[in-house]
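So the chains spell out like this:
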Amino acid sequence: MMYKKLPPAIEYVQQHLLFCGCDVVFGFDSLSSDFKVLKIAYETISGELVKLLVVQLYSVNSDLWKEIEVDIELPSLLFYSACPILISGPVIDGILFLDAVNTIIAFHLHNELFGLIPYPSFMHTRKSDVLDYEGSVAVVLETVVEGSLDKKEVGLWTVDSVSDEIFWKKILTFDAGSEAIEWVFVYCGADKFVGNTRSGTVLYDYMKKDTKHIRLPSKTFPVKVLKHTQSI
């Protein structure tokens, strides 16, 4: 197995913080054909506000770390100091998408710029990781059916941007019968998703409206589900 040991990142120490943490994510910059590693240090203020302090970027081509100036504040309703708050998502058209609990962070790997994509106000519950659905960033949301006070439905929503305005668009509605999907890990292509139901991990076929259980080794459960390709 081939691997590369990265040089030490720029050291950063901040005193008198309520909590300081660090997340590391990985992506491929297709414009410069360069693998890059993003290291993000953050602090929490009063347990509810998350502020990014220092962002460092490593380039495989240059074999160097550099610091990126950024000032983004993320409101976080669910934050635990023992867990990372940023979860690496897909890279689509050179943009790395990060799940930040109730906000999606978009980082352009080539231009090295950040953006924020807030979840829609009509969302009742989120039920997936950040997904790559046919080249669009997407999430599975549970929403209240229009015209109803309490009836809910689960659907796949994608993000569209027009004149710098962000719009959420529903693409499809999940219907797995008695096997209600509680969380979707990944979109595999060909209208198939891998997710969890109460009875275990399943492969859900949207066109056929059915689920097939995925047999895992005993005493194991999926921590992260990835889509395998021929490249890294």
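Keep in mind the model is a prediction, meaning the values are calculated, not measured. (Residues numbered from 1 in each chain as written. Predicted model: local features only at pLDDT ≥ 70, side-chain atom pairs only at ≥ 80, totals over all residues. Heavy atoms only, no water.)

A.B. asks: Describe the environment of V137, with residues and values.
C.D. replies: One can find V137 in strand β12 (residues 136-144). Note: C-alpha distance between V137 and V91 (46 residues apart in sequence) is 9.0 Å. Setting aside its immediate chain neighbours within four residues, V137 contacts I92, F97, V130, L131, W157, T158 and V159. (Helix = DSSP H or I, 4+ residues; strand = E, 2+ residues; numbered from the N terminus. Contact = heavy atoms within 4.5 Å.)

A.B. asks: So what about the pattern of salt bridges? Which residues, and what values?
C.D. replies: Applying the stated criterion to the full structure yields seven salt bridges. E182 serves as the salt-bridge partner of R198, at 3.1 Å between the closest nitrogen and oxygen. Placement of R198 in the loop between β16 (192-197) and β17 (200-205) and of E182 in the loop between β14 (165-173) and β15 (183-189) is noted, with a sequence separation of 16 residues between them. A relative accessible area of 80% places R198 in the exposed class. (Salt bridge = Lys/Arg side-chain N within 4 Å of Asp/Glu carboxyl O. Buried < 20%, exposed > 50% of the residue type's maximum accessible area, 1.4 Å probe, protein only.)

A.B. asks: Provide a residue-level description of the confidence of the model for the protein chain, including the pertinent values.
C.D. replies: Looking at the protein chain, the pLDDT average stands at 78 and 72% of residues meet or exceed 70. For the protein chain, per-element mean pLDDT is lowest for strand β5 (residues 73-75), which scores 59, and highest for strand β11 (residues 131-133), which scores 94. Below pLDDT 50 for its whole length, residues 15-19 participates in eleven contacts with residues either more than four positions away or in separate chains. When the criterion is pLDDT under 50, residues 76-83 qualifies, and its contacts beyond four places in sequence or with other chains add up to 13 contacts. (pLDDT = per-residue confidence, 0-100.)

A.B. asks: Lay out unusual backbone geometry with the relevant residues and their values.
C.D. replies: Of note, the phi angle at E134 is positive, near 50 degrees, even though the residue is not glycine. With respect to the helices, strands and loops of the structure, E134 is situated in the loop between β11 and β12.

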